[in-house]
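Listed here are the chains, written in short residue letters.
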Amino acid sequence: MPFLFWLDIAALSVSTVVACAIFLLIIISNPRLSHNRYFAGFVFSVAGWTICGLLLRLSLWIGKGNPHLLLNIGIFFICLTGSLLLLFTTRYLSVKSVIIDICAYAGFIILAVYAIPLFQNKVIENIVLAPNGTVLLDVNPWGLIGGMLVIGYILWAYILFWKRGKRKREIFFPISLIIFVCGYFLGGILEIPLPILSITNTVSMGILGYGIFKRQIFNPLKNIMEELEQEVEERTRELKSAYAEIEKRVDDRTRELRKEVAERRKTEEVLRESEAKFRNLAEQSPNMIFINRKGKIVYANKKCEEIMGYSREELYNPYFFFYRLIAEDNIEMIKEKYARHIKGENIPAYEYTLVTKDGRQIEAINTTTLIRYDGEDAILGIVTDITKRKRTERILNALHEAALAMEQTYSLDEVFTIAGMKLKNLDCSCALFIYDRATQMLLVEYCFDRKSGKEFLINRDETLIPVRFSLKESKTIKEALLKRKNIFINSDILTPSEPIKEGVYEYMEFLFVLENAIAVPLIAEDVVIGLLIIRSDDLSEEDIPAISAFTCQVAAAWRKSSLLCDLKAKVLELKQTQQQLIHTRKMEAIGKLAGSIAHDFNNLLTVIVGYTHLIISQLPPDDPNLDELSGIKKAADQAVELTSQLLAFSRKQVMNPQKINLNTIIESIRVMIGSLIGEQIRLVVYHEKDLNCIKADEGQLKQVLLNLAINARDAMMQGGRLTIKTENVHFSSPWSDGINDVPAGEYVVLSVSDNGIGMDPEVQSHIFEPFYTTKEKSKGTGLGLSTVYGIVKQSKGHITVSSQPNKGTTFKLYFPARVPDVKNVSVQHHHRDGKISGSETILLVEDEQLVSSLLHNVLEKNGYRVLPAANAEEAMKIVRKHNKSIDLLITDVIMPGKLNGYELAAKIIKRIPQVRVIYMSGYIDNPLVLEGMQNPGINFLQKPFEPTVIVKKVRSVMDGDDF
């Protein structure tokens, strides 16, 4: 075989021996270290590759074995070297990088995937032994990519060794790595036909083995020694740094001490200068400054001389003690604080009273400090005069008490009085005025003169008349009011607008000549409502803000009281409206109940009255049963009157309103009223000469007059006077008495007055309620006044009552006035004389069987043809059957079913235009139907009625007469 073949075999053999020796050395030395384990794996992979390369060449030489399998195993081993070498490098160099570890472990995963095509002979296809003894391979692109990946890992390890391996002073590792990479690239990647890969691998292993044996880098003792040497070096560097820092600090402190000595010398100079400055500042200070040593004053500034009145020579006198300046009741407190201060306690600022040389007392606040003066402890004090501030506090406290007192009042008249009574606690003369903008006058509400000690209360002292002052000669006060300014008055006068009542002058002497006073306007809702004036010898412009704040509180209290008064008025008005609404609803509910009862009762009365009349008319005059029947008829008539009153109260009666004159109605029943009230009661009537007309039912008005007359008679059992009066009145605006809301307009008033026993408010609140009576059970039903109320309301009128116990009662009825061109109108009824029977066809619609039978019999006896029907449906069937042969429709208004009598008549008139209609009812609960029944031309009969009435009504309607 050629020389190169044996050279390749020899190189691989040496490399295998070296790799195995290194592997065994590592395993024996210290396999527990992680970098030893990874390096052992790296050397083992290199040994595995060299062994597989050696066996491959022998297999090709002798022509036996499986060269492809040996080559694939060798490539697999060499691919392992990249990841193992990178992991060894990071552990050996103490490089902590998660990214490098992830990339290294990813190399194992890539190798596992790469092994599949590798062992399927898809990476290297042909292996031949060249004539020169070298091995030639056909490597596809995937093989080249795998080779470059291994080279990349090895170069990455080389770079780490180059950058971070310098401190370990290792050069054998990077040298062996670069030789290994170069050989792998030239022989494995570029496939140069020379045994380069085996030679470079042998050289790389040799250099690596030499380095290991020389440096013994895997010896634990060597590692410890290196670490100790490194620590010694680091500690030496730290000690050198600390020593340098100490030297620096010593130098710095030396410089500081030198600087402190220089500054201390400078401070001594500054102290001397500051002492001079202190004296200058103390002399210029607005406060008193002193030094007290052992109870004697050793220093006092100029302000002490000015305020206390003593010269400094007097204050510095050895026999002048500090306590001579203290008020007697404060001396013990000052001694106690001085003793504590000398002991070193901190004493906060405190207040006390000083006494000047001339005996005046000054309120002051003292701030003290313990100092050294001429080598002894002394007290440095700064005294501030707070006399004015304390006076201002007293003013504010007094004003606050006044404000609290005003908050407790809810009376508008008491606000100024309470404010003034509190102001006198200020020991000042003061006055509160109401300002009249129209006349520009000041009205005194309260005045206190400190000099005389007198107090003027306009709202409390009824013996004093209001006092007004003109602003003509008072320029400052006029300016305060008109320009809304707070003014300090040096000199001004107030001029009374009228002579002052004798004895009043002493109450307000200071007001006539104002000196050293403050005037502040009272403003509420941007309107000047009054003025406050305070006068005192010690007042100044500094007191204006406090007085101004107080006036704002007075104005706010006045406004609050004003709003409360308005609220009370609104609440009272609301209660009256509520009572009126409750009363109205109660009356309507009772009226509806009464009307419902009257409806059914009227049907029964119609039958009773009708049959009783028929029986009486058929009996001879000497019949023995005639008296009993007359009693039944009388009782029925009383029942009719009672139901009529019920309907009048409920306002469900069908009225026949006409233009009438109340004077005519009164005269027509004047005799009847006289007979009702008796001779012991005098009847007096006053008529308005040109009385306006009203529109009402004549019969109902007569009933109203009679009921009121009877009510007055019962109130004057011992006799008296009944006065009936009519008059025209005009209301320019609406008004209410709590029950009635009377709109503006023209009215005719009917007044009925008596001088009887009268009524208390409790009785007055119930008089219009039905069945309410103060009479005995057998002497009244309680429907009289409720009937009057119902008739008046149904006539669009209003009724009021005024009464007091034992002073009589007056009822006033207000009716809307009509056009005044009809005077003394009376209503006349014309009836045709002659027969009242007939032969016409009458459609009778009545749901009450008894009433229907009665009317049927009466009408047939008088010659009429009667077609009875119980409801509207039956009536329409009869109309369709008889068509136009029906001459007259008599129908009840209230009927069961979909149609009432009024609607039924309208429907029949459309089919039979010539038919005539008579309506009848005992009660109508539908307002629209009730209003329709009161239209002109409507023929209506109010139940109950006698048989002759229906016969006459039928004949009158058929003949066209106004019945």
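Thresholds applied
Residues numbered from 1 in each chain as written. Predicted model: local features only at pLDDT ≥ 70, side-chain atom pairs only at ≥ 80, totals over all residues. Heavy atoms only, no water. Helix = DSSP H or I, 4+ residues; strand = E, 2+ residues; numbered from the N terminus. Expected span 1.5 Å × (residues − 1). Buried < 20%, exposed > 50% of the residue type's maximum accessible area, 1.4 Å probe, protein only. Core = buried A, V, L, I, M, F, W, Y, C linked by side-chain atoms within 4.5 Å. Patch = residues over 30% accessible without salt bridge, like charges linked within 9 Å, V, L, I, M, F, W, Y side chains within 5 Å. Areas by Shrake-Rupley, 256 points an atom, 1.4 Å probe, with all protein chains shown as cover. Salt bridge = Lys/Arg side-chain N within 4 Å of Asp/Glu carboxyl O. Lys, Arg positive; Asp, Glu negative; His and termini not counted. Charge placed at Lys NZ, Arg CZ, Asp CG, Glu CD. Contact = heavy atoms within 4.5 Å. Pairing = 2+ DSSP bridges. Right-handed = clockwise from strand over helix to strand, strands pointing away. Axes fitted to C-alpha atoms, helices over the stretch in contact; angles between N-to-C directions. Parallel < 35°, antiparallel > 145°, perpendicular 65-115°, else oblique. Nonpolar A, V, L, I, M, F, W, Y, C, P; charged D, E, K, R; others polar.

1. Observations concerning helix α23 (residues 849–861)
Then step 1. With 13 residues, α23 should reach 18 Å at 1.5 Å per residue; the first-to-last C-alpha distance of 18 Å fits that figure.
Then step 2. Residues of α23 that are buried: V851, S852, L854, L855, H856, V858 and L859.

2. Some words on the nonpolar core
Then step 1. In this structure, F39, F42, V43 and L86 are the most contacted members of the largest nonpolar core, which totals 46 residues.
Then step 2. Of all the secondary-structure elements, those providing two or more residues to this core are α1 (3–29), α2 (34–62), α3 (67–92), α4 (98–119), β1 (124–129) and α5 (141–164).
Then step 3. When residues in this core are grouped by element, the largest group, 13 residues, is from α3.

3. Observations regarding a positive patch on the surface
Then step 1. Together, K877, R880, K907, K910 and R911 make up a region of like positive charge exposed at the surface.
Then step 2. When residues of the positive patch are traced back to their parent elements, those giving at least two are α24 (872–882) and α25 (901–911).
Then step 3. Tallying contributions element by element places α25 first for the positive patch, with three residues.
Then step 4. With respect to the helices, strands and loops of the structure, R911 is situated in helix α25.
Then step 5. Residue R911 is classed as partly exposed on the basis of its relative accessible area of 39%.

4. Overview of the side chain of H856
Then step 1. Note that H856 resides in helix α23.
Then step 2. The contact partners of H856, leaving out residues within four places of it in the chain, are L844, V866 and P868.

5. Re a nonpolar patch on the surface
Then step 1. Together, W6, I51, L55, L58, W61 and I62 make up a nonpolar patch on the protein surface, roughly 550 Å² of accessible area in all.
Then step 2. The greatest single-element share of the nonpolar patch, amounting to five residues, is contributed by α2.
Then step 3. If you trace the backbone, W6 turns up in helix α1.
Then step 4. Take W6: its relative accessible area is 40%, and that puts it in the partly exposed class.

6. Observations regarding the pairing of strand β7 (residues 376–385)
Then step 1. In this sheet, β7 lies alongside strand β3 (residues 288–293) in antiparallel orientation, the contact comprising five bridges. The partner of F290 across the bridge, within β7, is G381.
Then step 2. Pairing of strand β6 (residues 361–373) with β7, which is carried by ten bridges, proceeds in the antiparallel orientation. In the strand pairing of β7, N366 is matched with V383.

7. Quick look at the pairing of strand β28 (residues 916–921)
Successive side chains on a regular strand alternate, one facing one side of the sheet and the next facing the other.
Then step 1. Among the six residues in β28, five count as buried, and that is most of the element.
Then step 2. Sheet analysis places strand β27 (residues 888–892) next to β28, joined by five bridges and oriented parallel. Looking at β28, one finds that I890 is bridged to I918.
Then step 3. What joins β27 to β28 is α25, and the crossover it makes is right-handed.

8. Structural notes on a negative patch on the surface
Then step 1. Taken together, E229, E231, E233 and E234 make up a surface patch of like negative charges.
Then step 2. Along the chain, E234 falls in helix α8 (residues 220–284).
Then step 3. The class of E234 is partly exposed, set by a relative accessible area of 34%.

9. A short note on the packing of α24 against α25
Then step 1. At a minimum axis distance of 11 Å, the contact between α24 and α25 shows a crossing angle of 10°. On the basis of their axis angle, the class for α24 and α25 is roughly parallel. The segment α24 lies against α25, with A872, A875, M876, V879 and R880 engaging L904, K907, I908 and R911.
Then step 2. Classifying every residue of the contact of α24 with α25 gives six nonpolar, no polar and three charged.

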